[in-house]
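For reference, the chains in residue letters:
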Amino acid sequence: MDTVKRFDRIVAILIQLQSKRIVKAQDLAERFDVSLRTIYRDIRTLEASGVPIISEAGVGYSIMEGYRLPPIMFTREEAGSFVAAEKLMKQFMDKSLGAYYESAMFKLKSILRGREKEWVEALESQVSIIPGQVLFNDQVPNALEVLFESIAERKQVFLRYESLREETPSERRIEPVGLFNENGFWYILGYCHLRTDYRHFRTDRIHKIARTTLDFLLEHGTIAEHQNKKKEVSKTKVKILVDKTVAKYIQGQTKHYGLISEETKINGVEMTFMTSDMANGFARWYLMFGDYAKIIEPEALKDRVLEILEKSKKRLST
């Protein structure tokens, strides 16, 4: 059994080496949950079998340019996973990238064996994924394609963007750092030359996007580094008591608002948060289920929620 496991791991390592330019031994060890010593031994086995692996101390492993093995056949379960991936891509990508993915899927399906093709075909018509909101402006069908290209080639892009605080769209020139999907929406993190600072841009609010020939002027680091910096800003402790019948339905959103602990009580679930935007983000989120919850602390949150409700009341009465 151990021999079979090792063989499967070595084959998987070879596939991963062919999938990236450089692969670190530590990444392989973490993926397969083995020691670095085991990875070194598996790499030597591949080398002994004739695979031309280049090893750079402190960098990682790569396969000599031009060396490729024929495609590894997919298992039935792997082939089935393509169905979910294809459905997700069609709904959560813009038209341009969606078309590229569809073309790639035809090529991928072409190498499946007969029974795997039948497995995929049986699932395709029975899986449906519907996004909860509009993710892209129909007038900008290639937003993600342009942004991916911009990030890879380090070229600035032009945007006509509709901010929530502006009545008309403004023109921006940005250096995209990365993209992330949060609460169902696609966001771009980029350095905005108009604001001379980093800003988030939601893809459905982009009215126009265009490539430019301008190179990036700054070194931005990774999107993970920027998101970690955001987490380090000053935060406010918030504690609320949520009815048990409702608590389970908001679990998927609590992490986004800074949940650090929760405790089940007789009269509900007590949740504690550390939030960086109590006055707007957290207060408005709380109102979504406020009739089934109670604010324990701070008083400032109670005042802010009452203020929003008063404004809403005035608008309803006029």
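In what follows, the accompanying structure is described. Predicted model, so just to flag it, every value in this text is computed and none were measured.

1. Brief notes about the overall build of the chain
Looking only at helices and strands, one finds twelve helices and eleven strands in the chain. By the compact-globule yardstick of 20 Å for 318 residues, the chain is too spread out, its C-alpha radius of gyration being 25 Å. Expressed as lengths along the three principal axes of its C-alpha atoms, the size of the chain is roughly 75 × 55 × 45 Å. Carbon and sulfur atoms make up 53% of the accessible area of the chain, which totals about 20,200 Å².

2. A few points about helix α11 (residues 278-287)
Taken residue by residue, α11 has Met278, Phe282, Ala283, Trp285 and Tyr286 as its buried positions. All buried residues of α11 lie within an arc of 160° about the axis, which places them on one face of the element.

3. Focus on the sheet that holds strand β10 (residues 268-275)
Pairing between the strands of a sheet comes from backbone hydrogen bonds, and it takes one of two forms, parallel or antiparallel. With antiparallel pairing, four strands are arranged side by side in an open sheet as β9-β10-β8-β11. Each of the sheet's edge strands pairs with one partner strand only, and the pair in question is β9 (259-265) and β11 (293-297). Put simply, the sheet's adjacent strands are angled 20° from each other on average, direction ignored. Pairing geometry for strand β8 (residues 236-242) and β11, over four bridges, is antiparallel. Pairing of Ile240 across the sheet is with Ile295, part of β11. Along the sheet face, α11 touches β8, β10 and β11 and points at about 5° away from the line of β8.

Calculation notes
- Residues numbered from 1 in each chain as written.
- Predicted model: local features only at pLDDT ≥ 70, side-chain atom pairs only at ≥ 80, totals over all residues.
- Heavy atoms only, no water.
- Helix = DSSP H or I, 4+ residues; strand = E, 2+ residues; numbered from the N terminus.
- Rg over C-alpha atoms; globule rule 2.2 N^0.38 Å.
- Areas by Shrake-Rupley, 256 points an atom, 1.4 Å probe, with all protein chains shown as cover.
- Buried < 20%, exposed > 50% of the residue type's maximum accessible area, 1.4 Å probe, protein only.
- Arc of directions from axis to C-beta.
- Pairing = 2+ DSSP bridges.
- Axes fitted to C-alpha atoms, helices over the stretch in contact; angles between N-to-C directions.
- Contact = heavy atoms within 4.5 Å.

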